[in-house]
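This is what each chain is made of:
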Amino acid sequence: QVQLVESGGGLVQAGGSLRLSCAASGRTFSRYSMGWFRQAPGKEREFVAAISWSGGTTRYADSVKGRFTISRDAAKNTVYLQMNSLKPEDTAVYYCAARFGYSIIEEVNGMDYWGKGTLVTVSS
């Protein structure tokens, strides 16, 4: 069982930055690949970024590539999403998710555990 708690959301102006954190419980955190997803009002949840359990492989949605960076700190059982050059279209609830195993996947249905989300609002 893995519990995930996101933090770091808030209101920021376009062009600004935020760093989201996802604290995970459980002693087997290192055996989970981790991902960030987001859901804007009226839209389906979508993939944002993912990182393998070793941290050696990352993947990003085209819409955030070059602006967002995912990382993980095994000692702190925490995954981060550094978001730079934010745009109004990045406004959404951001969710952290975990999947047991090495492989990175982008499908919402493929994740095993979810956090409750943190709201990011980017004003123009």
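All chains use their own residue numbering, which begins from 1 and follows the written sequence. Only residues with pLDDT of 70 or above have their local features reported here, since the model is predicted, and side-chain atom pairs are shown and tallied only from 80 upward, although totals for entire chains, interfaces and linings are computed over all residues. With hydrogens and water set aside, each side-chain value is computed from the structure's full complement of heavy atoms.

**A few points about the packing of aromatic side chains**
At step 1: For Phe, Tyr and Trp, where Trp contributes only its six-membered ring, two rings pair if their centres lie within 6.5 Å, and the inter-plane angle classes them as stacked under 30 degrees, edge-to-face over 60, or tilted in between. Taken as a whole, this structure holds six aromatic pairs when the rule is applied.
At step 2: Ring pairs connect the aromatic residues Phe37, Phe47, Tyr95 and Trp114, which therefore count as one cluster.
At step 3: The criterion is that NZ of a Lys, or CZ of an Arg, lies within 6 Å of the ring centre and within 35 degrees of the ring normal, and then a charge sits over that ring. The ring of Trp53 is capped by Arg31, whose NZ or CZ atom sits 5.2 Å from the centre of that ring.
At step 4: Here Arg45 stacks its cationic end above the ring of Tyr95, 3.7 Å away from the centre of that ring.

**Details of the state of the cysteines**
At step 1: In this description, a disulfide is simply a cysteine sulfur pair whose atoms lie within 2.5 Å. For the structure shown, the criterion picks out one disulfide.
At step 2: Between Cys22 and Cys96 runs a disulfide, and the two sulfur atoms are separated by 2.1 Å. Its S-S torsion of about -80 degrees marks the bond between Cys22 and Cys96 as left-handed, since a negative value means left-handed. Of this pair, Cys22 sits in strand 3 (residues 18–24) while Cys96 is found in strand 9 (residues 92–100), placing the two residues 74 residues apart along the sequence.
At step 3: Whether a residue is buried, partly exposed or exposed follows from its accessible area with a 1.4 Å probe, protein chains only, as a fraction of its type maximum: under 20%, in between, or over 50%, in that order. On the basis of relative accessibility, which here comes to 0%, the residue Cys22 falls in the buried class.
At step 4: By relative accessible area, which is 0% here, Cys96 ends up buried. Secondary structure follows DSSP: runs of H or I at least 4 residues long count as helices, runs of E at least 2 residues long count as strands, and numbering of each begins at the N terminus.

**Side note on the environment of Gly115**
At step 1: For Gly115, the position within the fold is in the loop between strand 10 (113–114) and strand 11 (118–123).
At step 2: Judged by its relative accessible area of 9%, Gly115 falls in the buried class.
At step 3: Considering only alpha carbons, one finds Gly115 and Cys96, 19 residues apart in sequence, at a separation of 5.4 Å.

**Looking at the nonpolar core**
Among soluble globular proteins, nonpolar side chains are generally buried collectively.
At step 1: In terms of nonpolar packing, the biggest core is built from 37 residues, with Met34, Trp36, Leu81, Met83 and Tyr94 touching the most fellow members.
At step 2: Listing elements by their share of this core, those giving two or more residues are strand 3, strand 4 (32–39), strand 5 (46–51), strand 7 (68–73), strand 8 (78–83), strand 9 and strand 11.
At step 3: Two residues qualify as a contact provided that any one of their heavy atoms is within 4.5 Å of a heavy atom in the partner residue. Apart from residues lying up to four places away in sequence, Leu81 is in contact with Leu18, Arg19, Leu20, Trp36, Val48, Ala49, Phe68, Thr69, Ile70 and Tyr94. Joining through side-chain atoms within 4.5 Å is the link that ties buried Ala, Val, Leu, Ile, Met, Phe, Trp, Tyr and Cys residues into a set, and such a set is a nonpolar core.

**A short note on the pattern of salt bridges**
At step 1: When a carboxyl oxygen of Asp or Glu is within 4 Å of a side-chain nitrogen of Lys or Arg, the pair counts as a salt bridge. Under the definition given, this model contains five salt bridges.
At step 2: Notably, a salt bridge pairs Arg59 with Glu106, separated by 3.6 Å at the nearest N-O pair. Placement of the pair is Arg59 in strand 6 (residues 58–60) and Glu106 in the loop between strand 9 and strand 10, with a sequence separation of 47 residues.
At step 3: Measuring nitrogen to oxygen at the nearest pair gives 3.1 Å for the salt bridge that ties Lys65 to Asp62.
At step 4: Three or more residues are tied together by salt bridges with common partners; here these are Arg38, Glu46, Arg67 and Asp90.

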